[in-house]
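# Structure assessment
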Amino acid sequence: MTVAREAAAYVRARRAELFGPPGSGEAARVGTKSTATDPVTAADTESEELIRRRLAELRPEDAFLGEETSGDGARATTASGVVWVVDPIDGTVNFVYGLPASAVSVAAQVDGRSVAGAVVDIASGETFFAAEGFGAYLDTGGTRVRLRCNPVTDPRMALVATGFSYSPQRRARQGELVAALLPRVRDIRRVGAAALDLCMVAAGRVDAHYEHGLGPWDWAAGALVAAEAGAVVRVPTGTGDDGELTVAVAPGLAADFETLLTEIGAFHAIPN
């Protein structure tokens with residue numbers, strides 16, 4: 001949690017240096033990754049390097065898997081068996097445009113299972129964190145509260161978060177799924193940062209989250225936070241490249257929401 005907070009504070013300060021204030025017209029000064037709409041900034045790579053360096057100091061026998069530089073996490077041949085899975089800025093598009101919905105996500109995994117994790121909202125400093133078997137919590141910098149999902153049971157009353165791929169082909173299918181789901185739930189929210197979406201399920205700010213094609217750095221910490229808050233969680237078995245579905249849903253909704261997703265065909269992977 002301490003390392004994630006340090007990175008979030010660094011990124012928060014770095015944004016003004018890179019782009020100036022929101023509305024200054026500097027949002028185009030970024031690089032790209034998978035597509036022309038998939039951005040990466042100096043703050044992404046610097047944040048990842050900061051986290052890697054701090055973790056190496058604290059846990060030198062562990063492996064590292066970061067979104068921007070990958071690392072040795074795929075092999076996980078270290079003596080400890082622990083892999084740190086890191087998204088240095090989740091919601092980079094929001095970060096670039098000055099929208100207050102981006103986060104630093106850091107999780108420890110053993111055999112592909114998250115055992116501890118923290119997600120820090122860059123703008124607000126709110127910290128969502130969890131450890132396997134010990135519950136999920138929100139620390140606002142002065143108050144710490146245990147998180148529990150909403151007690152909602154009717155899908156028609158469910159506020160559902162989702163997100164979209166940078167791949168035009170996958171995005172088109174995701175749009176079809178939203179169109180099929182929207183008339184059958186309370187409403188849809190697209191925040192633009194999957195780690196925060198998952199934590200919002202835990203905090204009762206939304207009732208469910210589903211999304212295709214998330215990488216392990218997107219869900220590793222947030223999915224654990226959601227699960228420890230009582231959510232029923234399903235995560236991909238691979239890297240996310242094949243477009244598998246990630247789901248986190250409040251327990252009272254789980255069975256009916258799964259049926260709903262099945263009926264609209266959402267459990268089918270969406271390839272790029």
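Note that the coordinates shown come from a computational prediction; the quantities given were computed from them, not determined experimentally.

The sites that UniProt annotates as "binding site: Mg(2+) 2" (unreviewed entry) are Asp-90. Asp-90 has contacts with Ala-101, Ser-102, Ala-103, Ala-193, Ala-194, Ala-195, Leu-196 and Asp-218, leaving out every residue within four places of it along the chain. Within the structure, the side chain of Asp-90 is placed 3.0 Å from the backbone nitrogen of Ala-194, a separation counted as a polar contact.

For the rest of this paragraph, the subject is helix α1 (residues 2-19). Over its 18 residues, α1 runs 26 Å from end to end, which matches the ideal 26 Å to within 8%, given 1.5 Å per residue. Along α1, the helix axis deviates most sharply at Ala-13, where the bend reaches about 25 degrees. The set of residues buried in α1 consists of Val-3, Ala-4, Ala-7, Ala-8, Val-11, Arg-14, Arg-15, Leu-18 and Phe-19. Where α1 is buried, its residues touch α2 (42-58), β4 (82-90), α3 (92-97), β5 (103-110) and β6 (113-121).

Now for the UniProt feature "binding site: Mg(2+) 1" (unreviewed entry) in the chain. Those places that UniProt annotates as "binding site: Mg(2+) 1" (unreviewed entry) correspond, in this numbering, to Glu-67, Asp-87, Ile-89 and Asp-218. What stands out for the annotated residues spanning 152 residues is how close their C-alpha atoms remain, the widest pair being 9.7 Å apart. Residue placement: Asp-87 occurs in strand β4. Considering the arrangement of structural elements, one finds Ile-89 in strand β4. With near-sequence residues (within four places) excluded, Ile-89 lies in contact with Val-11, Thr-41, Ala-43, Asp-44, Glu-67, Phe-95, Ser-102, Ala-103 and Ile-122.

Consecutive residues of a regular strand have side chains that alternate between opposite faces of the sheet. The element strand β12 (residues 208-212) is extensively covered by neighbouring structure, given that 5 of its 5 residues are classed as buried. Where strand β10 (residues 159-162) meets β12, 3 bridges bridge the pair, whose relative direction is parallel. When the bridges of β12 are listed, Val-160 appears paired with Ala-208. With 5 bridges joining them, β12 and strand β14 (residues 245-249) adopt antiparallel strand pairing. Bridge pairing in β14 links His-212 to Leu-245.

Further remarks concern unusual backbone geometry. Its identity is not glycine, yet Asp-111 carries a phi of approximately 55 degrees, on the positive side. As for its position among the elements, Asp-111 is in the loop between β5 and β6.

By secondary structure assignment, the location of Pro-155 is in the loop between β9 (144-146) and β10. For the pair Pro-155 and Ala-208, spaced 53 residues apart in the sequence, the C-alpha separation amounts to 9.6 Å.

The mixed open sheet is built from 5 strands, whose spatial order is β11-β10-β12-β14-β13. The open sheet has two free edges, formed respectively by β11 (187-189) and β13 (232-234), since each of these has just one partner strand. Ignoring strand direction, the axes of neighbouring strands in this sheet form an average angle of 15 degrees. In the sheet, β10 pairs with β11 via 3 bridges, with the strands oriented parallel. Bridging from a neighbouring strand, Leu-159 pairs with Asp-187 of β11. Along the sheet, helix α5 (residues 194-203) makes contact with β10, β12 and β14, crossing β12 at roughly 150 degrees.

Core analysis: the largest hydrophobic core is formed by 59 residues, its most contacted members being Val-160, Leu-181, Tyr-210 and Phe-257. Lining this core are residues from two domains, each supplying at least three of them: domain 1 (1-146) and domain 2 (155-264). Those residues in contact with Leu-181 that lie beyond four places of it in its chain are Val-160, Ile-188, Tyr-210, Phe-257, Leu-260 and Ile-264. Ranked by size, the runner-up nonpolar core spans 25 residues in total, among them Phe-19, Phe-95, Ala-108 and Ile-122.

Okay, the side chain of Glu-126 next. Mapped onto the fold, Glu-126 is located in the loop between β6 and β7 (127-131). At a separation of 3.1 Å, a polar atom in the side chain of Glu-126 contacts the side chain of Arg-205. Once residues within four sequence positions are removed from consideration, Glu-126 is found in contact with Val-119, Val-120, Asp-121, Leu-138, Asp-139, Thr-140 and Arg-205.

Moving on: the packing of aromatic side chains. Taken as a whole and assessed by the stated rule, the structure comprises 2 aromatic pairs. Both rings, one in Phe-19 and one in Phe-95, keep their centres 6.0 Å apart while their planes meet at 80 degrees; by these two values the pair is edge-to-face. Of the two residues, Phe-19 is situated in helix α1 and Phe-95 in helix α3; the sequence distance between them amounts to 76 residues. For the residue pair Phe-19 and Phe-95, the accessibility class agrees, reading buried in each case. Judged by centre distance (5.6 Å) and plane angle (25 degrees), the ring pair of Phe-129 and Tyr-137 falls under stacked. For Phe-129, a relative accessible area of 15% gives the class buried.

Conventions adopted
- Residues numbered from 1 in each chain as written.
- Predicted model: local features only at pLDDT ≥ 70, side-chain atom pairs only at ≥ 80, totals over all residues.
- Heavy atoms only, no water.
- UniProt positions renumbered as here; feature names shortened; annotations may be inferred.
- Contact = heavy atoms within 4.5 Å.
- Polar contact = N/O pair within 3.5 Å; in protein donor to acceptor, adjacent residues only side chain to side chain.
- Helix = DSSP H or I, 4+ residues; strand = E, 2+ residues; numbered from the N terminus.
- Expected span 1.5 Å × (residues − 1).
- Bend = angle between axes of the 7 residues up to and from the residue.
- Buried < 20%, exposed > 50% of the residue type's maximum accessible area, 1.4 Å probe, protein only.
- Pairing = 2+ DSSP bridges.
- Axes fitted to C-alpha atoms, helices over the stretch in contact; angles between N-to-C directions.
- Core = buried A, V, L, I, M, F, W, Y, C linked by side-chain atoms within 4.5 Å.
- Domains from an automatic or database assignment.
- Phe/Tyr/Trp six-rings, centres within 6.5 Å; stacked < 30°, edge-to-face > 60°.

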